[in-house]
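# Examination of the molecular architecture
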Amino acid sequence: MRLLCMFAMVAVLASCSGTSRIYYQDFKAALSRPADANLSLQQLQSSSFDSLYFTRDDGPVLSLALAFIEHGQQKWVSADNAYLILQHGRVVRTVGFTSDLHHSTHISGDPLQYGPDQLKQAAPWLRLTDWTDASGLPLQSVFTEAEPEFLNLLEQQIACRVFVERVTAIDSAEQFENRYWFDAASGTLLQSRQQLRPQGPVYTMTFISRYARLISPAGADL
């Protein structure tokens, strides 16, 4: 029965767009995975789908699969029918979480789309967000560059430029911070730590397949 449900989900996702590209082969690496995901470079190179490491607060590291890309948005799916929708590396919608983010306005103005070279000069970005339990929550973001850091994954270090996004909830004046790690050489976003609303959980996401491609020419077609 579970297998039938999974195939049904695949059909629904694929029907969203005739040009959608299916990346995953299975959904066993999912949000319900009990232990930390630890994919090897060889596994990433031989995989036919992109993988994303995902952590909620201090929970285990989970591996999500990229189901398809549509209108510039990436849909990352789990076996238990929860998924993240990312645009420019930012979570813009969720399904299957305790309180889902349904919609964000002005995504086309997100400074993340410009990459690290222009983030420092980006103007403050204001948008409204709609949730399962709230609507019209106004958030404003301002970006600053922090000290560079190294990411150490797959037994390889990559030098990164780090940007801090200071987010203010206009209604309550509550503030929180998000962080983004970009490959210093290419400007590729490799990791982010995002809180989507005041007092909400913190999601850490690592684009582990991107990381593998950067450190290994053999993985260029991954």
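Refer to the structure above for everything that follows.
Now for a look at the structure at hand. (Residues numbered from 1 in each chain as written. Predicted model: local features only at pLDDT ≥ 70, side-chain atom pairs only at ≥ 80, totals over all residues. Heavy atoms only, no water.)

Helix and strand counts for the chain come out as four helices and 13 strands. Counting only residues that meet the buried cut, the chain has 49% of its 222 residues in that class. Residue pairs at least 24 apart in sequence account for 49% of intrachain contacts in the chain once pairs closer than 6 positions are excluded. Carbon and sulfur atoms form 50% of the exposed surface of the chain, whose accessible area is close to 11200 Å². (Helix = DSSP H or I, 4+ residues; strand = E, 2+ residues; numbered from the N terminus. Buried < 20%, exposed > 50% of the residue type's maximum accessible area, 1.4 Å probe, protein only. Contact = heavy atoms within 4.5 Å. Areas by Shrake-Rupley, 256 points an atom, 1.4 Å probe, with all protein chains shown as cover.)

Quick look at the pairing of strand S5 (residues 90-95) now. Summarising the sheet, strand S4 (residues 83-87) and S5 pair through five bridges and their orientation is antiparallel. Residue Ile85 lies in a different strand from S5, and its bridge partner there is Arg93. (Pairing = 2+ DSSP bridges.)

With that settled, the discussion passes to the side chain of Arg197. Relative to the assigned elements, Arg197 resides in the loop between strand S12 (189-195) and strand S13 (202-206). A relative accessible area of 18% places Arg197 in the buried class. Only 3.3 Å separates the side chain of Arg197 from the side chain of Ser99, close enough to count as a polar contact. There is a polar contact of 3.0 Å between the side chain of Arg197 and the side chain of Asp133. Excluding residues within four positions of it along the chain, Arg197 makes contact with Ser99, Trp131, Asp133, Ala134, Leu137 and Phe176. (Polar contact = N/O pair within 3.5 Å; in protein donor to acceptor, adjacent residues only side chain to side chain.)

It is worth spelling out the environment of Asp50 at this point. Considering the arrangement of structural elements, one finds Asp50 in the loop between helix H2 (41-46) and strand S1 (51-56). Residues Asp50 and Leu64 lie 14 residues apart in sequence; the distance between their C-alpha atoms is 8.4 Å. Here the side chain of Asp50 touches Arg213 through a polar contact of 3.3 Å, side chain to side chain.

A few words on the environment of Ser104. As for its position among the elements, Ser104 is in strand S6 (residues 101-104). With a relative accessible area of 11%, Ser104 lands in the buried category. Separated by eleven residues in the primary sequence, Ser104 and Arg93 place their C-alpha atoms 7.6 Å from one another. Not counting residues within four places of it along the chain, the set of residues in contact with Ser104 comprises Val92, Leu128 and Thr129.

What follows is about empty space enclosed by the protein. Counted under the stated rule, the structure contains two cavities of 30 Å³ or more. By volume, the largest cavity amounts to about 110 Å³. Along the wall of the largest cavity there are 13 residues; nearest its centre are Arg90, Val91, Arg127, Leu139 and Leu196. Here the lining of the largest cavity is composed, by residue class, of six nonpolar, five polar and two charged. Counted as a void, the second largest cavity has a volume near 30 Å³. (1 Å grid on protein atoms, 1.4 Å probe; cavity = no way out; pocket = protein on both sides within 12 Å on 5 of 7 lines; lining within 4 Å. Points joined across faces, edges and corners; volume = space filled by probe spheres on them. Nonpolar A, V, L, I, M, F, W, Y, C, P; charged D, E, K, R; others polar.)

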